[in-house]
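# Examining the three-dimensional arrangement
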Amino acid sequence: MSVRSIAAVLALLLALVAGPAVAVAQTAGAPAKTRVNAAAGNTAGNQVRHKAGQTKKADKKTEKTSKVMALVFCLFALMCVGGSLFVITRRNLIAAVMGMVGTFFAIAAIYIMLYAHFLAAIQVLVYAGAIMVLFVFVIMILNRPVDEPWSKQGVWGKGLAIAATAYLLYRLGDVLWSVKVEVAGPGPGKYIDHGDFGSTAHVGQVLFQDYIFPFEAVSIVLLVAVVGAIAVARPNKKRETLDNVAGEGGAE
Amino acid sequence: MSNVFFNITYGHFLVLAAVMFCIGVIGVLLRRNALIVLMSIELQLNAANITVLTFARMHNDMHGHALAFIVIAVAAAEAAVGLAIVVAVFRSRHHADIDRLTSLKH
């Protein structure tokens, strides 16, 4: 078990180190973009020719970045999938939570690769910082290791579940793999000329202009959830006192 | 084959999200501990978030970020309520095994 814990901690450290590396790799490609953008401002007559030259230049410039991005993506994708498998196969709940934290860091790196910097920070703060701490608290309160990790529905249920999941995975992958990315635009390693895509300012603008009502509704949801969680998790004082009173033979 | 691994497209992100979602589904279906089930649900929410952000990037549209933000907030609320229920169940039953929580059966 200790070897696994060390592996989880190593994965966590790797995520911490490699997260900024993604940002560096992305900013390394940034000078190429500005030049391409400067070249893009041209008259309509030359536009086609310039566009061809522009894409060629962009391809050559982004080739190196895209290799780095590919390696980083493979690393973090492996961390995501491996961490998820780690989570659902652990018997020790604390080990599962630590694997979950590593997975969340890897997911935050994936968010950074998608230019969602603000959401990556939120991911680390809320998921790795708050929700996982909540899980650890509850595990410590319950203080009970798991005995039988797998459902005992028998071979049939298990086989059916695995087969259904494999089929779902196959269909999803099949559909998603055939998405025409060329139609949708350049790959994630390349630059699109919205300079503040995913920045905190842009997210704030979208959130407080277009989505102000959902934003406020979510705050209500959080308030209700907090009150409900307290109401559900609180020990039932009334029944206990009633039991005590009944045990003492007094009348309520 | 090397082209698949060295030329990262949006499809890679989507397939990664699908794989993570399916791992979460496996966790929900196969595990008996309520806490692991809750964590698997969090994994599914994160996979959905990756999909949303990939499409936002693909279409260069920031509205997906607002959606992902709201998903994260709702996931936090869901985790709080779910963990409170787990604590309450554990307090009355002294276990959190979802296969043994069958008192609502017919």
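Basis of the calculations
- Residues numbered from 1 in each chain as written.
- Chains lettered and ligands numbered in written order.
- Predicted model: local features only at pLDDT ≥ 70, side-chain atom pairs only at ≥ 80, totals over all residues.
- Heavy atoms only, no water.
- pLDDT = per-residue confidence, 0-100.
- Helix = DSSP H or I, 4+ residues; strand = E, 2+ residues; numbered from the N terminus.
- Contact = heavy atoms within 4.5 Å.
- Phe/Tyr/Trp six-rings, centres within 6.5 Å; stacked < 30°, edge-to-face > 60°.
- Buried < 20%, exposed > 50% of the residue type's maximum accessible area, 1.4 Å probe, protein only.
- Lys NZ or Arg CZ within 6 Å of the ring centre and 35° of its normal.
- Salt bridge = Lys/Arg side-chain N within 4 Å of Asp/Glu carboxyl O.
- Expected span 1.5 Å × (residues − 1).
- Arc of directions from axis to C-beta.
- Axes fitted to C-alpha atoms, helices over the stretch in contact; angles between N-to-C directions.
- Parallel < 35°, antiparallel > 145°, perpendicular 65-115°, else oblique.
- Nonpolar A, V, L, I, M, F, W, Y, C, P; charged D, E, K, R; others polar.
- Buried area = accessible area lost by both parts, 1.4 Å probe.

## Looking at the confidence of the model for chain A
Residue and element names in this part refer to chain A. Considering every residue of chain A, the mean pLDDT works out to 70; 56% of them sit at 70 or more. Ranking the elements of chain A by mean pLDDT puts helix α2 (residues 30-40) last, at 39, and helix α9 (residues 212-233) first, at 93. Throughout residues 18-63 the model reports pLDDT below 50, and contacts reaching past four residues in sequence, or to other chains, amount to 33 contacts.

## Comments concerning the packing of aromatic side chains
One pair of aromatic rings is described through two measures. These are the centre distance and the angle between the planes. Going through the model one piece at a time under the given rule, you end up with 5 aromatic pairs over all chains. Look at Phe104 of chain A and Tyr127 of chain A: their rings are 4.6 Å apart centre to centre, the planes differ by 40°, and that puts the pair in the tilted class. Taken together, the positions of Phe104 of chain A in helix α4 (residues 93-113) and Tyr127 of chain A in helix α5 (residues 117-142) put the pair 23 residues apart, joining distant regions of the chain. You'll find Phe104 of chain A and Tyr127 of chain A in the same group, each marked buried. Judged by centre distance (6.2 Å) and plane angle (20°), the rings of Phe118 of chain A and Phe69 of chain B are stacked. Taken as a pair, Phe118 of chain A in helix α5 and Phe69 of chain B in helix α4 (residues 63-93) lie in two separate chains rather than in one. In this pair, the class of Phe118 of chain A matches that of Phe69 of chain B, namely buried. Ring pairs connect the aromatic residues Phe118, Phe208 and Phe215 of chain A together with Phe69 of chain B, which therefore count as one cluster. Above the face of the Phe86 of chain A ring, Arg90 of chain A is positioned so that its terminal group lies 4.5 Å from the ring centre. Here the guanidinium or amino end of Arg57 of chain B rests over the ring plane of Tyr115 of chain A, the centre of that ring lying 4.0 Å away.

## Details of the pattern of salt bridges
Residues and elements named next belong to chain B. Per the counting criterion, the structure on display carries 2 salt bridges over all chains. Here Asp97 makes a salt bridge to Arg32, at a shortest N to O gap of 2.2 Å. Taken together, the positions of Asp97 in the segment after α4 and Arg32 in the loop between α2 (10-30) and α3 (34-58) put the pair 65 residues apart, joining distant regions of the chain. The class for Asp97 is buried, based on a relative accessible area of 10%. We classify Arg32 as buried; its relative accessible area is 2%. Between Arg32 and Asp99 there is a salt bridge, with its nearest N and O atoms 3.9 Å apart. Remark: Asp99 occurs in the segment after α4 and Arg32 occurs in the loop between α2 and α3; sequence separation between them is 67 residues. A relative accessible area of 28% means that Asp99 is categorised as partly exposed. Taken together, the shared-partner salt bridges in this structure form one network comprising Arg32, Asp97 and Asp99.

## Here we look at α9 of chain A
With 22 residues, α9 of chain A ought to run about 32 Å at 1.5 Å a step, and its terminal C-alpha atoms sit 31 Å apart, in line with that. Within α9 of chain A the residues assigned to the buried category are Val218, Ala225 and Ala229 of chain A. Here the buried residues of α9 of chain A occupy an arc of 25° about the axis, which is enough to place them on one side. Facing away from the buried side of α9 of chain A by more than 90 degrees, the exposed set consists of Phe213, Ile220, Leu223, Val224, Val227 and Ile230 of chain A. On the buried face of α9 of chain A, the contacting elements are α4 of chain B.

## Comments concerning the packing of α5 of chain A against α4 of chain B
The geometry of a pair of packed helices is captured by two quantities: the angle between their axes and the separation between those axes. Contact geometry for α5 of chain A and α4 of chain B: axes closest at 11 Å, N-to-C directions at 0°. Accordingly, the angle class assigned to the pair α5 of chain A and α4 of chain B is roughly parallel. Contacts from Phe118, Leu119, Ile122, Gln123, Val126, Tyr127, Ile131, Leu134, Phe135, Val138 and Leu142 of chain A of α5 of chain A reach α4 of chain B at His65, Ala68, Phe69, Ile72, Ala75, Ala76, Ala79, Ala80, Leu83, Val86, Val87 and Phe90 of chain B. When grouped by side-chain class, the residues that make up the contact of α5 of chain A with α4 of chain B number 21 nonpolar, 2 polar and no charged.

## A closer look at the interface of chain A and chain B
On the side of chain B, 69 residues touch chain A, which itself brings 89 residues to the contact. In total, chain A and chain B occlude about 7500 Å² of area from one another, counting both sides; carbon and sulfur atoms represent 80% of this. Linking chain A with chain B are 0 salt bridges. With 14 residues, helix α3 (residues 47-89) of chain A is the single largest residue contributor to the side of chain A that touches chain B. Tallied by class, the residues present in the side of chain A that touches chain B amount to 65 nonpolar, 14 polar and 10 charged.

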